[in-house]
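# A look at the structure
Here are the chains, one letter per residue:
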Amino acid sequence: LCSRVRHPLAPVKQIALGGTPEGINWFADLFGDPKPGDGRRTIWAKGWHASLGDYRATLSGIYGHDESLMESYVGGRFVPLGVGRAYSKFDRRVHVRACEAERCLDLVLSCDFNVHFMRWTVQQYGPKEIRVVDEIALGRGSGTEEAAAEFVRRWAGRGWSRVVVTGDAAGQSRGTSATRTDYQISAETLRAAGIEPLLRVPRANPAVRERVSVANYHLSGRGGLSVVVDPRCAELIRDLEAVAWRDGGGDLDKRDPARTHASDAWSYAVHRLAPANVTRDAVRVPKPTPATGAAFAARDPILGAAF
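Not measured: the values here are computed from a predicted model. All residue numbers refer to position in the chain's written sequence, counted from 1. Per-residue local features are limited, in this predicted model, to residues with pLDDT of at least 70; the limit for side-chain atom pairs, both in listing and counting, is 80 or more; totals at the level of whole chains, interfaces and linings are taken over all residues. Side-chain figures throughout are based on the complete set of non-hydrogen atoms in the structure, without hydrogens or water.

## Quick word on the overall build of the protein
In terms of helices and strands, the protein carries eleven helices and six strands. A 1.4 Å probe rolled over the protein chains alone gives each residue an accessible area, and that area as a share of the maximum for its type sets the label: buried under 20%, exposed over 50%, partly exposed in between. Residues counted as buried form 45% of the 307 residues belonging to the protein. Computed with the Shrake-Rupley method and a 1.4 Å probe, the accessible areas treat only the protein chains shown as cover for residues. For the protein, the accessible area works out to roughly 15900 Å², and carbon and sulfur atoms hold 52% of it. Strands are runs of DSSP state E lasting at least two residues, helices are runs of H or I lasting at least four, and both sets are numbered from the N terminus onward.

## Considerations on the nonpolar core
Looking at soluble globular proteins, one finds that nonpolar side chains tend to be buried together. Membership of the largest hydrophobic core comes to 30 residues, with the highest contact counts inside it found for Ala86, Tyr87, Tyr125, Ile130, Val229, Leu236 and Trp266. Secondary-structure elements contributing two or more residues to this core are strand S3 (129-137), helix H8 (208-219), strand S6 (226-229), helix H9 (234-242) and helix H10 (261-273). Counting residues per element, this core draws most heavily on H10, at five residues. Buried Ala, Val, Leu, Ile, Met, Phe, Trp, Tyr and Cys residues that are joined via side-chain atoms within 4.5 Å together make up what is termed a nonpolar core.

## A few points about the layout of surface pockets
With a 1 Å grid laid over protein atoms only, a set of points is called a cavity when a 1.4 Å probe fits there but cannot get out and a pocket when it is open yet has protein on both sides within 12 Å along at least five of seven lines; lining residues have an atom within 4 Å of a point. Grid points are joined across faces, edges and corners, and a volume is the space filled by probe spheres set on the points. Empty space within the second largest pocket amounts to approximately 660 Å³. Leu17, Phe31, Arg41, Thr42 and Ile43 are the residues nearest the centre of the second largest pocket, which is lined by 25 residues in total. Elements supplying a minimum of two residues to the lining of the second largest pocket: helix H2 (26-31) and helix H4 (67-74). The residue makeup of the lining of the second largest pocket, split by class, is 13 nonpolar, nine polar and three charged. Under the scheme applied here, ten amino acids are nonpolar (Ala, Val, Leu, Ile, Met, Phe, Trp, Tyr, Cys and Pro), four are charged (Asp, Glu, Lys and Arg), and all others, including Gly, are polar.

## Observations concerning the packing of H9 against H10
In a packed pair of helices, the relevant descriptors are the angle between the two axes and the axis-to-axis distance. Contact geometry of H9 with H10 gives a least axis separation of 7 Å together with a crossing angle of 90°. One way to sum up the angle between H9 and H10 is to call them roughly perpendicular. Between H9, through Glu235, Leu236, Asp239 and Leu240, and H10, the contact on the second element is made entirely by His261, Ala262, Ser263 and Trp266. A class-by-class count of the residues in the contact of H9 with H10 yields four nonpolar, two polar and two charged. Here, axes are lines fitted to C-alpha atoms. For helices the fit covers the stretch in contact, and angles between N-to-C directions go from 0 to 180 degrees. Any angle between 65 and 115 degrees counts as roughly perpendicular, while under 35 counts as roughly parallel, over 145 as roughly antiparallel, and the rest as oblique. Contacts are assigned to residue pairs with any non-hydrogen atoms lying within 4.5 Å of each other.

## Some words on the sheet that holds strand S5 (residues 196-199)
Either a parallel or an antiparallel arrangement is found when strands of a sheet pair, and the pairing is made through backbone hydrogen bonds. A pair of strands is considered paired only if DSSP assigns at least 2 bridges between the two. Reading across the sheet, the six strands line up as S5-S4-S1-S2-S3-S6 and stay open at both edges, with mixed pairing between neighbours. Strands at the two margins of the open sheet, each flanked by one partner only, are S5 and S6. Neighbour to neighbour, the strand axes of the sheet diverge by 30° on average, direction disregarded. Pairing between S3 and S6: four bridges, direction parallel. Across the sheet, valine 132 pairs through a bridge with valine 229, a residue of S6. Sitting on the sheet, H9 is in contact with strand S2 (119-125), S3 and S6, with an inclination near 115° to S3. Against the sheet, H10 contacts strand S1 (107-112), S2, S3, strand S4 (162-167) and S6, and its axis sits at roughly 35° relative to S2.

## Some details on the pattern of salt bridges
Here the idea is simple: oppositely charged side chains can pair when their charged atoms come close. The rule for a salt bridge is simple: a side-chain nitrogen of Lys or Arg has to be within 4 Å of a carboxyl oxygen of Asp or Glu. All chains considered together, the criterion is met by 21 salt bridges. As a salt-bridge pair, arginine 97 and glutamate 129 come within 3.3 Å of each other at their nearest N and O atoms. Pair noted here: arginine 97 is in the loop between helix H5 (92-95) and S1 and glutamate 129 is in strand S3, with a separation of 32 residues, a long-range link. What emerges from the salt-bridge pattern is a single network uniting Arg97, Glu102, Glu129 and Arg131.

## Concerning the packing of aromatic side chains
Any two rings among Phe, Tyr and Trp, with Trp reduced to its six-membered ring, count as a pair given centres within 6.5 Å; such a pair is stacked if its planes are under 30 degrees apart, edge-to-face if over 60, and tilted if neither. According to the stated counting rule, one finds eight aromatic pairs in the structure shown. Their ring planes at 75° and their centres at 5.7 Å tell us that tryptophan 155 and tryptophan 160 sit as a pair that is edge-to-face. Exposure remark for tryptophan 155: the relative accessible area of 3% places this residue in the buried category. Here a set of aromatic residues connected by ring pairs shows up, and it is made of Phe27, Phe31, Trp44 and Phe78. The criterion for a charge sitting over a ring is simple: Lys NZ or Arg CZ within 6 Å of the ring centre, and within 35 degrees of the ring normal. For the cation-ring pair, arginine 103 lies above tryptophan 160, with the distance from its terminal atom to the ring centre recorded as 5.0 Å. Here the basic side chain of arginine 209 rests over the ring of tryptophan 245, its NZ or CZ set 3.9 Å away from the ring centre.

## So, the packing of helix H6 (residues 144-155) against helix H7 (residues 182-192)
Contact pair H6 / H7: the axes reach a minimum separation of 9 Å and the direction vectors enclose 35°. Crossing angle aside, the handedness with which H6 passes H7 is right-handed. Side by side, H6 and H7 meet where Thr144, Glu145, Ala148, Ala149, Phe151 and Val152 of the first sit next to Asp182, Ile185, Ser186, Thr189 and Leu190 of the second. Partitioning the contact of H6 with H7 into residue classes produces six nonpolar, three polar and two charged. Here a crossing is called left-handed whenever its near helix is offset anticlockwise from the far helix by less than a right angle, and right-handed whenever the offset is clockwise.

## Focus on H8
Helices are assigned an expected span. That span is 1.5 Å times one less than the residue count. In a regular helix each residue adds 1.5 Å, so twelve residues correspond to 16 Å; H8 covers 17 Å between its end C-alpha atoms and thus fits that length. Taken residue by residue, H8 has Arg211, Val212, Val214, Ala215, Asn216, His218 and Leu219 as its buried positions. Along its buried surface, H8 packs onto H5, S3, S6 and H10. Two residues or fewer after H8 comes glycine 221, characterised by a positive phi angle close to 75°.

## A word on unusual backbone geometry
One non-glycine residue, threonine 260, lies in the positive phi region at around 80°. Among the secondary structure elements, threonine 260 is positioned in the loop between H9 and H10.

Here's what the structure looks like:
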């Protein structure tokens, strides 16, 4: 089709695609959120625009039992349909809103190391809330040094002299260097910029279902901490909507090589720093001064051991 449109004799160099939203997929990537000036246009057609007298009632009878199905097939919108979704409690309308890092809270840098899809998240843990304020999402061929340098470029000089570092436990045993692990490379880059890394990396990764379950516990809003994700964290949002379980197994579907990495990075930190027995008001992560750091370490249930 593209070849025909590019042909010099083509009178109209334009492609029109029509279809039914089927969750969050490649169709949603192309047309779900077109930006002004990118050459794409989306026309939203709702099912009840049809002139048939009882058509809307018929659709409501078929899909009315499920709000997501109604919004997708009747409203013509790209929404996660929930079939096999790993992070089933995530709802863009509930969890995504602009948020900035608070100086009274430590920054938490959580890392998932991949050569082609390096994904890190920058989080904060407050008394009532987990907030994801930024993500590092680099393209193919980027390594740990590039990701750490990008974090430094964005966050050095903004008032945080230290950063809690956690994430994939495998980063302690392998790296892009033959002599240094990924966490060693990250730590050296941070220290060179005047930021002290406080490593809170587990010896081994938790089971995938356990990690995802803890994330859903907080996303559900039923007893855990509130979760807020800044819109700039596009890869994480895409993951939380699209990552699904692999059929017949306890692992995540990784057929799309770009998926799972951002949500892995985020949920590693959630599992490590806010386990499922943590409830609102139980997490206290103030910004201690050197004089109060020792006293804080003795009482803080989450980050105390790092100080």
